[in-house]
Amino acid sequence: MEGIVESQEGPIKIIIVGSAAGGMSAALRARRLDEKASIILIEKGSYTSYTNSGVPSSLGGLIETDTFLIRQSPAGLKDRFNLDVRDRTELVSISREQHSILVRQSDTGDTYYLSYDKLILAQGARPITPTVQGIDGASVFSFQTMLGLEQIKRYIADNRCTSAVILGGGYLALKAVESLYNFGLRMSIIHVHERICEDFDPDIGNFVQSELRKNGIQLYLNARVRNIAHDTIDEGCSAILDNEAHVPADLIVVATGLTPRIEIAKESGLECRTGVVVKQFMQSSDPDIYAVGDIAQKEDFISPTPRMLPLVGPATQQGRLAADHIMKRALPYRGDIGTYSCKVPHLTAAIIGLSVERLREIGYYPQSVTVHVPDRAGYYPSSQQMTLKVSFQPTGGRLLGAQIIGRSGVDQRIDVLSTAFQAGMSIFDLELLQLSYAPQYGSGKDPVNVVGMVGSNLLRGDLHIVSPSDLDGHLHDYQIIDVRSTENFAKGHIPSARNIPIDELRESLRDIDNERPVVVYSRVGYHGYLAYRTMVQLGYKVANLDGGLKLFVEGGFGIGLVSSGSD
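Every value quoted in this text rests on a predicted model; they were computed, and no experiment measured them.

**Re unusual backbone geometry**
Phi at His99 takes a positive value of approximately 55°, unusual for a residue other than glycine. Along the chain, His99 turns up in the loop between β4 (89-95) and β5 (100-105). Here the phi dihedral of Cys197 falls at roughly 55°; this positive angle occurs in a residue that is not glycine. The topology assignment puts Cys197 in the loop between β11 (186-190) and α6 (202-214).

Here's what the structure looks like:
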């Protein structure tokens, strides 16, 4: 239950700068805890109590009216919550000594001071704009806010746009793809790095890249935009790359990342690095000033290096916790977890924690397993296969991260894994989780259970695996045995592999050298595991290929191979 604040001399004066998720959460929580508090909400733009995370769905047409993203008007917030909302009002400076801020009204340019007892900074982050000639042209837009949403939609409609270029390859760029895809635009992505989705491991990220290409989206990787040329006749433009290639489009959307709006906080003397540095209760270096959401630099749940995570859920929590602390409640923020999902274009990609690649960079030595399992009962008509990769500590099996790719049911599984991750659970716990079951929603062995079973087998010594990356350049070090059917083997297989169908394996063991290491594989790994268990008990030095041929091919290691058939 929400309690009542202790009595004090006069009502507390709280000013909150920024009215998106974090700021609004702080304002409403503070009001619920103290009816007498003076709460002023400063908003630079015209929209209050809105959600940036809904911008992609509105831009793509799934949400029919932009106003659905705006939960309350200033008048409504005044009537229901007694909040003093100052929209079209910009923070100019902070005087920590005077406990006041200077603000400016954008309509009139008038400035005035407001005093505070407690100040909460929730201005968020601004898009990072590359230093490129022509980036300020009329056909170039930033992708993040309600204002950007309006401008992009209007420009597409007014100019009957049919093509778009997206600059960037991270989370923000994928959300832009999700939005613009619904317009039927021809799209190209230009990214300075060698792959997109760098939060994910390369093999899982390759699933996303393949899905984009399958849907006609061109990828220009390891590419840098030198300048943007604008056509003054038809109002189109072209991104000109360093290699002189021209990528034409009707509009260009900049989604290269975000940077916290820390300039004023820094000028006031608050400790700032990549963001305003905050303690566990969201307090800055000044105990009377808090920072929440994208502007704040928080501790990471697992990484020593803070990440820029523009996520609504954590911002909402942080706003609530800041208000709690102001009202004499001490509930600490647990750190950024990094759980998110995005749709590209028909697959959903989701992640929790850090990739295996990133874990190794910061000093972990994780184990990981990859499984491909149906999102619901395999016999159900709409059943689709999803891919789960889960990483964990080699001793004790504590969960370190998870990545999922699939067409449906991804959100359900990533939330289960996120809960398990935050609870400090292990890979062994996943094996024994009791989850709801109905054929249209899942299987008797849920995908989360299956990945737990495979990981538990690995740590117990009942399974030894090699990853596709382990085989890269080392195929001839192993005897490679493909245990699929002869028909599927003929459709495509790993170079140097021999075909011994699983049902013929026992009779063919005499043809396998038990002095040389063996790698067995099937399409998704299950039949490979059966072969592994047979051979290891008979004295062979054998390992199963993690993720099977599907991961080898679709993870980007089997370039040139044809369809991988089926188990």
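Moving on from the model shown.
**Some words on the nonpolar core**
Counting 49 residues, the largest nonpolar core has Ile15, Ile94, Ile101, Leu119, Ile120 and Leu121 as its most contacted members. A per-element tally of this core places helix α1 (residues 21-33) first, with six residues. Once residues lying within four places of it in the same chain are set aside, the contact partners of Ile15 are Ile40, Ile42, Ile101, Leu114, Ser115, Tyr116, Lys118, Leu119 and Ile120. If you look at the next biggest cluster of nonpolar residues, it comprises 44 residues, including Leu417, Leu505, Val518 and Ala531.

**Overview of the sheet that holds strand β26 (residues 465-466)**
Across the sheet, five strands lie side by side as β26-β30-β29-β27-β28; this open sheet has parallel pairing. The open sheet has two edge strands with one neighbour each: β26 and β28 (498-499). Sheet topology places β26 next to strand β30 (residues 542-545); two bridges connect them, and they run parallel. Counted as the bridge partner of Val466 is Leu545 from β30.

**Observations concerning the packing of α1 against helix α8 (residues 312-326)**
Interhelical geometry of α1 versus α8 gives an angle of 35° and a closest axis separation of 7 Å. Of the two possible hands of crossing, α1 and α8 adopt the one that is right-handed. Between α1 and α8, the residues in contact are Ala21, Gly22, Ser25, Ala26, Arg29, Ala30, Arg32 and Leu33 and Val312, Ala315, Thr316, Gly319, Arg320, Ala323 and Asp324, respectively. Its residues assigned to classes, the contact of α1 with α8 comprises seven nonpolar, four polar and four charged.

**A closer look at the packing of aromatic side chains**
Applying the stated rule across the entire model yields five aromatic pairs. When the ring of Tyr171 is compared with that of Tyr340, the centres are 4.6 Å apart and the planes differ by 65°; the resulting orientation is edge-to-face. With Tyr171 in helix α5 (residues 171-181) and Tyr340 in strand β21 (residues 340-344), the pair connects residues that are 169 residues apart, well separated along the chain. Tyr340 sits in the buried class, given a relative accessible area of 9%. Seen in terms of ring centroids, Phe301 and Phe421 are 5.2 Å apart; in terms of plane orientation they differ by 45°. Their pairing is tilted.

**Some thoughts on the pattern of salt bridges**
Evaluation of the coordinates by the stated rule reveals 22 salt bridges. The partner of Arg273 in a salt bridge is Glu271, and the shortest N-O contact between them spans 2.7 Å. Note that Arg376 is salt-bridged to Asp375, the shortest N-O span being 3.2 Å. Across the pair, exposure class does not vary: Arg376 and Asp375 are buried alike. Here the salt bridges do not stand alone but share partners, grouping Lys44, Glu90 and Arg104 into one network.

**Focus on the sheet that holds β21**
The five strands lie next to each other as β21-β22-β25-β24-β23, forming an open sheet whose pairing is antiparallel. In this open sheet, the two edge strands, each paired with only one partner strand, are β21 and β23 (367-374). The average undirected angle you get between the axes of adjacent strands in this sheet is 15°. Relative to strand β24 (residues 385-392), β23 is paired through eight bridges, and the arrangement is antiparallel. When the sheet's bridge partners are listed, Ser368 is paired in β24 with Ser391.

**Description of the side chain of Lys298**
Tracing the sequence through the fold places Lys298 in the loop between β20 (296-297) and α8. No salt bridge is formed by the buried Lys298; its nearest oppositely charged neighbour, Asp336, is found at 4.0 Å. A distance of 3.0 Å separates a polar atom in the side chain of Lys298 from the backbone oxygen of Gly293. Among the polar contacts made by the side chain of Lys298, one reaches the main-chain carbonyl oxygen of Ala296 at a distance of 3.1 Å. Leaving out residues up to four positions away in the same chain, Lys298 has contacts with Val278, Met282, Gly293, Pro306, Gln318, Tyr333 and Asp336.

**A few points about the pairing of strand β27 (residues 479-482)**
Every second residue of β27 is oriented toward a common face, with Gln479 and Ile481 on one face and Ile480 and Asp482 on the other, all of them buried. Where β27 lies against strand β29 (residues 518-521), four bridges are found, and the strand directions are parallel. Paired with Asp482 across the bridge in β29 is Tyr521. One ladder, built from two bridges, connects β27 with β28; its direction is parallel. The residue of β28 that forms the bridge with Asp482 is Asn499.

**Concerning the confidence of the model for the protein chain**
Caution applies to low-pLDDT regions: their predicted coordinates should not be interpreted in detail. Mean pLDDT over the protein chain works out to 90, with 92% of the residues at or above the 70 mark. Long-range and interchain partners of residues 1-8, a stretch whose pLDDT sits below 50, account for 14 contacts in this model, where long-range means more than four residues apart.

**Structural notes on the state of the cysteines**
All chains considered together, the criterion is met by zero disulfides. The cysteine Cys237 is free of any disulfide, with Cys161 supplying the nearest cysteine sulfur at 8.8 Å. Between Cys342, a free cysteine, and Cys197, which holds the nearest cysteine sulfur, the sulfur-to-sulfur gap is 6.6 Å. Overall, the relative accessible area of 3% leaves Cys342 in the buried class.

**Details of the pairing of β21**
What you see with β21 is a clean split: Tyr340, Cys342 and Val344 sit on the buried side and Ser341 and Lys343 on the side with no burial. The pairing of β21 with strand β22 (residues 347-353) spans five bridges and is antiparallel. The residue bridging Ser341 from the neighbouring strand is Ala350, located in β22. Counting the residues between successive antiparallel strands, the hairpin from β21 to β22 contains two residues.

What counts and what doesn't
- Residues numbered from 1 in each chain as written.
- Predicted model: local features only at pLDDT ≥ 70, side-chain atom pairs only at ≥ 80, totals over all residues.
- Heavy atoms only, no water.
- Helix = DSSP H or I, 4+ residues; strand = E, 2+ residues; numbered from the N terminus.
- Core = buried A, V, L, I, M, F, W, Y, C linked by side-chain atoms within 4.5 Å.
- Buried < 20%, exposed > 50% of the residue type's maximum accessible area, 1.4 Å probe, protein only.
- Contact = heavy atoms within 4.5 Å.
- Pairing = 2+ DSSP bridges.
- Axes fitted to C-alpha atoms, helices over the stretch in contact; angles between N-to-C directions.
- Left-handed = near helix turned anticlockwise from the far one by under 90°.
- Nonpolar A, V, L, I, M, F, W, Y, C, P; charged D, E, K, R; others polar.
- Phe/Tyr/Trp six-rings, centres within 6.5 Å; stacked < 30°, edge-to-face > 60°.
- Salt bridge = Lys/Arg side-chain N within 4 Å of Asp/Glu carboxyl O.
- Lys, Arg positive; Asp, Glu negative; His and termini not counted.
- Polar contact = N/O pair within 3.5 Å; in protein donor to acceptor, adjacent residues only side chain to side chain.
- pLDDT = per-residue confidence, 0-100.
- Disulfide = S-S within 2.5 Å.

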